[in-house]
Amino acid sequence: MSDQRNIVEAVRGTLRAELARDDDVIVYGQDVGRNGGVFRATEGLIDEFPNRIYDTPVAEAAIVGTGVGLAAHGLTPVPEIQFSGFAHQAFHQIQQHVSRLRSRSRGTLNCPMTIRAPAGGGIRALEHHSESFEAGYAHTPGLKVAYPSTPADAKGLLTASIRDPDPVVFLEPTRLYRAVRGEVPEGEHVVPLGEANVVETGDDVTVVAWGAMRREAQRAADGVDADVELIDPRTIVPLDTDAILDSVRKTGRCVVVHEAPKTAGMAAEITARINDEALMYLEAPVERVTGYDVPFPLYAREEAYMPDPERIRAGIERAMDY
Amino acid sequence: MPRERAAEFTIDHVQALDEAGNADPDLLPDLSTAELRDLYRNMRRARRFDERAVALQRRGEIGTIAPAIGQEAVQVASAAALSEGDWMVPSFRESAAYLTRGVDPHLLLWYAMGMEEGAAVPEGEHTMPPSIAVGSQTLHGAGLGWGQAITGDDDASLVFFGDGASSEGDAYEAFNVAGVFDAHTVFLCQNNRYAISVPRERQTRAETIAQKAVAAGIDGVQVDGNDVLGTYKVVSEALEQARQGEPVVVEALTYRRSMHTTADDPSVYRTPEEEAEWAKRDPIDRYEDYLREEGVLDDDAVAEIEDDVEEELEAAIERAREGERDVDPAEMFDHAFAELSPWLADQREAFERHE
């Protein structure tokens, strides 16, 4: 059994299922209760679980910081940060406490918190509403980072994240929230954290893309004169390095696509891992098609900033023609 | 349309035991002779622990520490007021509170020796590891107290922070969120007059730190933090109130008699006259005067406590030294996540090959 849903619906259905499964799960954040979340990801949940859904004050550090205490008390906090650009107001809690509670307590306390936040640009939002900070979270030991691109993966990864004993930053591509519909398996559906999806198989070039960029990469692959193998890692931490390396060993070429800035972005990390383990298989340098090293622009220029199928296609062609 | 008073507030100041050791019977907590003696013993033990720890640091046996010398009354009284199920959320100067809570002294030394083992929380014990980032732990206390409200527990949470931490945004967010969610939290500010070198007067223009509770709509009260009995009473009452979903900010006025940390030199920013003035208000001396007057302590009892404390500390130091020899650096990989990922397992192997 499966059903056609968009990502918002998949997230909402998963939250409902996990709230029903486990009484310890607590969903809270700004406007998640009566209003159902600004993207409606928590719509209706407060009626079904009146004592498990909380509207909080506008205070990101508090939303994440109290989660450390809730977790120590034995609950499973699933807070929503309204936009990931505002998670920076809680980043000290994430970096100094959420990610380290297990290490610091020598494994006797843990922080199974799943911090959900819409991420990425493309919805003509205000400043700070379009950030894609997965590399920053990846640079924070003790955190896992999920970044789904399809409704089915949103369900499978969110289920895995909430059940995971470690903290997960769960980034939801705002641009795809309602733009893609897809089959979502009914009932139990878990996508293990750290398992990439080989979206398309091909022999000429490996393209790695996640979140909203997966769809752009797919569009680029459709119009290029090369047999593309498209990999969606689905989680940034743990990263399924083996899936990427296996593919690169087959194709000899790789293009990594992300909308975050280029410098110290995940594409640099993936390139380094390929250099470490598969350098001799490469027929061309690894191409990076990314955002630029400028603040994410206001919406008149956001289309120009984000990688689009044309730029990705050019990246693929550079790799092919090297 | 007259201009009217929109809100008014007052902050109580409580002192049960004055600087000469005289007590106000109406403000004394209801404690047995054994409990009174325990408070004294815990204060003496904490003082000696920190004195010995500073000496160990000077000899290079342990790393940087933040001694609580001068603050024993507030810490011992607050920790003693906790019941077993209550959570204690310390910052980084809570040696006296940890020891009173029953944490083994060798664990504090291990932490100071740079071993994570010292921050391990024994299974089922409700004491959080130390939080070094100033003020950040106030939110963990708020979260614990919120969790206790959600699950309908009779327990409360007590979080320690300082006058400097009260300037951090997290502290206000913690008071505010605790108020909104009826958290079972007592926020205990040890106003020890200095945030490293910056005096309380340069920390805030507010007359009291307790009144910072007012903006969050929760109660604030000030107590003489060098008065162990007054602090015990105020914190006990605050905990009872918190158990009913009414969080409280308690500001305990005290003085850090030693340095901020062993890396600090207070002579740069404090006068010997000021330090001498506070030496006269020492919390242990004051309490000892009272207990001797009440017939709870005499020379023999004090000597017995001193010997007992020294013996226990000696054993703890020896145990800490033995533990230090067992450090396996590779274990740093083992608690980052519940399970070692292949990526991290590779790094662990590379580490063991020293690559």
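This is a predicted model, so every value here is computed, not measured.

**A closer look at the overall build of chain B**
Okay, step 1: Scanning chain B for helices and strands turns up 12 helices and eight strands.
Okay, step 2: In summary, chain B has a C-alpha radius of gyration of 21 Å against a globular reference of 20 Å for 355 residues, a match within 12%.
Okay, step 3: With the C-alpha coordinates aligned to their principal axes, the bounding extent of chain B is approximately 75 × 60 × 45 Å.
Okay, step 4: The buried share of chain B, taken over its 355 residues, is 56%.

**A word on the packing of helix α3 (residues 60–72) of chain A against helix α6 (residues 169–180) of chain B**
Okay, step 1: Packing of α3(A) against α6(B) brings their axes to within 9 Å, and their N-to-C directions diverge by 75°. With respect to their mutual orientation, α3(A) and α6(B) come out roughly perpendicular. Counted together, Glu60(A), Ala61(A), Ala62(A) and Thr66(A) of α3(A) and Asp170(B), Glu173(B) and Val177(B) of α6(B) form the full contact between these two elements.
Okay, step 2: Taken together, the residues that form the contact of α3(A) with α6(B) break down as three nonpolar, one polar and three charged.

**Here's the deal with the interface of chain B and chain A**
Accessible area lost when the parts come together is the quantity often used to give the size of an interface.
Okay, step 1: Taken together, the 37 residues of chain B in the interface contact 39 residues of chain A.
Okay, step 2: Of the roughly 3200 Å² buried between chain B and chain A on both sides combined, carbon and sulfur atoms contribute 69%.
Okay, step 3: Three residues, Trp146(B), His335(B) and Phe337(B), lead the burial of chain B against chain A; their summed loss comes to 20% of the area buried on that side.
Okay, step 4: Our count for the chain B to chain A interface comes out at two salt bridges.

**Comments concerning the confidence of the model for chain B**
Okay, step 1: Looking at chain B as a whole, the pLDDT averages 96, with 100% of positions reaching at least 70.
Okay, step 2: The ipTM assigned to the predicted complex is 0.93, against a pTM of 0.96.

**Some remarks on the nonpolar core**
Okay, step 1: Of all hydrophobic cores here, the largest spans 77 residues; its most connected members are Ile274(A), Met128(B) and Phe187(B).
Okay, step 2: In terms of residue count, α3(A) provides more of this core than any other element does, eight residues in total.
Okay, step 3: Among residues more than four places away in sequence, those in contact with Met128(B) are Val68(A), Ala72(A), Leu101(A), Leu109(A), Trp87(B), Met88(B), Val89(B), Pro90(B), Tyr98(B), His140(B) and Leu144(B).
Okay, step 4: Core analysis: the next-biggest nonpolar cluster, separate from the first, contains 66 residues, Val54(B), Ala81(B), Leu108(B) and Val234(B) among them.

**Brief notes about the environment of Gly220(B)**
Okay, step 1: Structurally, the position occupied by Gly220(B) is in strand β7 (residues 219–224).
Okay, step 2: For the pair Gly220(B) and Phe187(B), spaced 33 residues apart in sequence, the C-alpha separation works out to 9.3 Å.

**As for a nonpolar patch on the surface**
Residue and element names in this part refer to chain A.
Okay, step 1: A cluster of nonpolar side chains, contributed by Leu 279, Met 280 and Tyr 281, occupies part of the molecular surface with about 370 Å² of accessible area.
Okay, step 2: If you trace the backbone, Met 280 turns up in the loop between α10 (266–278) and β14 (287–291).
Okay, step 3: Residue Met 280 is classed as exposed on the basis of its relative accessible area, which comes to 76%.

**Thoughts on α6(B)**
Okay, step 1: Its 12 residues place the ends of α6(B) 17 Å apart at the C-alpha level, agreeing with the 16 Å of an ideal helix rising 1.5 Å per residue.
Okay, step 2: Along α6(B), the residues that are buried comprise Asp170(B), Ala171(B), Glu173(B), Ala174(B), Phe175(B), Asn176(B), Val177(B) and Ala178(B).
Okay, step 3: On its buried side, α6(B) packs onto α3 and α4 (91–98) of chain A together with α5 (137–150), β3 (157–162), β4 (185–191) and β8 (248–253) of chain B.

**A few points about helix α10 (residues 283–294) of chain B**
All names here are of chain B.
Okay, step 1: Between its first and last C-alpha, α10 extends 17 Å over 12 residues, near the 16 Å set by a 1.5 Å rise per residue.
Okay, step 2: When we look at burial in α10, the residues that qualify are Pro 283, Ile 284, Arg 286, Tyr 287, Glu 288, Tyr 290 and Leu 291.
Okay, step 3: In this structure, the buried residues of α10 make contact with α1 (33–58), α2 (72–81), β7, α8 (228–243) and α11 (299–324).
Okay, step 4: By the N-cap criterion, in which a side-chain oxygen at the helix start approaches the backbone nitrogen of a residue two or three places on, α10 is capped by Asp 282, the distance to Ile 284 being 2.9 Å.

**Looking at the packing of α5(B) against α6(B)**
All names here are of chain B.
Okay, step 1: The N-to-C vectors of α5 and α6 enclose an angle of 10°; their axes lie 8 Å apart at closest approach. By the angle between their axes, α5 is roughly parallel relative to α6. The segment α5 lies against α6, with Thr 138, Leu 139 and Ala 142 engaging Asp 170, Ala 171, Glu 173, Ala 174 and Ala 178.
Okay, step 2: A breakdown of the residues in the contact of α5 with α6 according to their chemical character gives five nonpolar, one polar and two charged.

**A short note on the packing of aromatic side chains**
Okay, step 1: Using the criterion set out here, one finds 19 aromatic pairs over all chains in the structure.
Okay, step 2: For the pair Phe39(A) and Tyr177(A), a centre-to-centre distance of 4.8 Å together with 50° between the ring planes defines the contact as tilted. Here Phe39(A), found in the loop between β2 (25–29) and α2 (45–48), pairs with Tyr177(A), found in the loop between β7 (168–173) and β8 (182–185); they are 138 residues apart in sequence, far enough to count as distant. In terms of burial, Phe39(A) and Tyr177(A) fall into one category: buried.
Okay, step 3: Between Tyr54(A) and Trp146(B) the ring centres are 5.3 Å apart and the planes differ by 85°, which places this aromatic pair in the edge-to-face class. Placement of Tyr54(A) in strand β3 (residues 53–55) and of Trp146(B) in helix α5 is noted, with the two residues assigned to different chains. Residues Tyr54(A) and Trp146(B) agree in their burial class; the two are buried.
Okay, step 4: Against the face of Trp343(B) rests Arg273(A), its NZ or CZ located 3.3 Å from the ring centre.
Okay, step 5: Above the ring of Trp278(B), the side-chain terminus of Arg281(B) is found at 4.3 Å from the ring centroid.

**Considerations on a negative patch on the surface**
Okay, step 1: A contiguous patch of negative charge, built from Asp242(A), Asp276(A), Glu277(A), Asp346(B) and Glu349(B), is present on the exposed surface.
Okay, step 2: Contributions of two or more residues to the negative patch are made by α10 of chain A together with α12 (342–352) of chain B.
Okay, step 3: As for its position among the elements, Glu277(A) is in helix α10.

**A look at the pattern of salt bridges**
Residue and element names in this part refer to chain A.
Okay, step 1: Scanning the model with the defined rule gives 56 salt bridges over all chains in all.
Okay, step 2: Note that Asp 166 is salt-bridged to Arg 102, the shortest N-O span being 2.8 Å. Highlighted residues: Asp 166 in the loop between α7 (151–163) and β7 and Arg 102 in helix α5 (residues 101–104), separated in sequence by 64 residues. Each member of the pair, Asp 166 as well as Arg 102, carries the same accessibility label: buried.

The rules we used
Residues numbered from 1 in each chain as written. Chains lettered and ligands numbered in written order. Predicted model: local features only at pLDDT ≥ 70, side-chain atom pairs only at ≥ 80, totals over all residues. Heavy atoms only, no water. Helix = DSSP H or I, 4+ residues; strand = E, 2+ residues; numbered from the N terminus. Rg over C-alpha atoms; globule rule 2.2 N^0.38 Å. Buried < 20%, exposed > 50% of the residue type's maximum accessible area, 1.4 Å probe, protein only. Axes fitted to C-alpha atoms, helices over the stretch in contact; angles between N-to-C directions. Parallel < 35°, antiparallel > 145°, perpendicular 65-115°, else oblique. Contact = heavy atoms within 4.5 Å. Nonpolar A, V, L, I, M, F, W, Y, C, P; charged D, E, K, R; others polar. Buried area = accessible area lost by both parts, 1.4 Å probe. Salt bridge = Lys/Arg side-chain N within 4 Å of Asp/Glu carboxyl O. pLDDT = per-residue confidence, 0-100. Core = buried A, V, L, I, M, F, W, Y, C linked by side-chain atoms within 4.5 Å. Patch = residues over 30% accessible without salt bridge, like charges linked within 9 Å, V, L, I, M, F, W, Y side chains within 5 Å. Areas by Shrake-Rupley, 256 points an atom, 1.4 Å probe, with all protein chains shown as cover. Expected span 1.5 Å × (residues − 1). Polar contact = N/O pair within 3.5 Å; in protein donor to acceptor, adjacent residues only side chain to side chain. Phe/Tyr/Trp six-rings, centres within 6.5 Å; stacked < 30°, edge-to-face > 60°. Lys NZ or Arg CZ within 6 Å of the ring centre and 35° of its normal. Lys, Arg positive; Asp, Glu negative; His and termini not counted. Charge placed at Lys NZ, Arg CZ, Asp CG, Glu CD.

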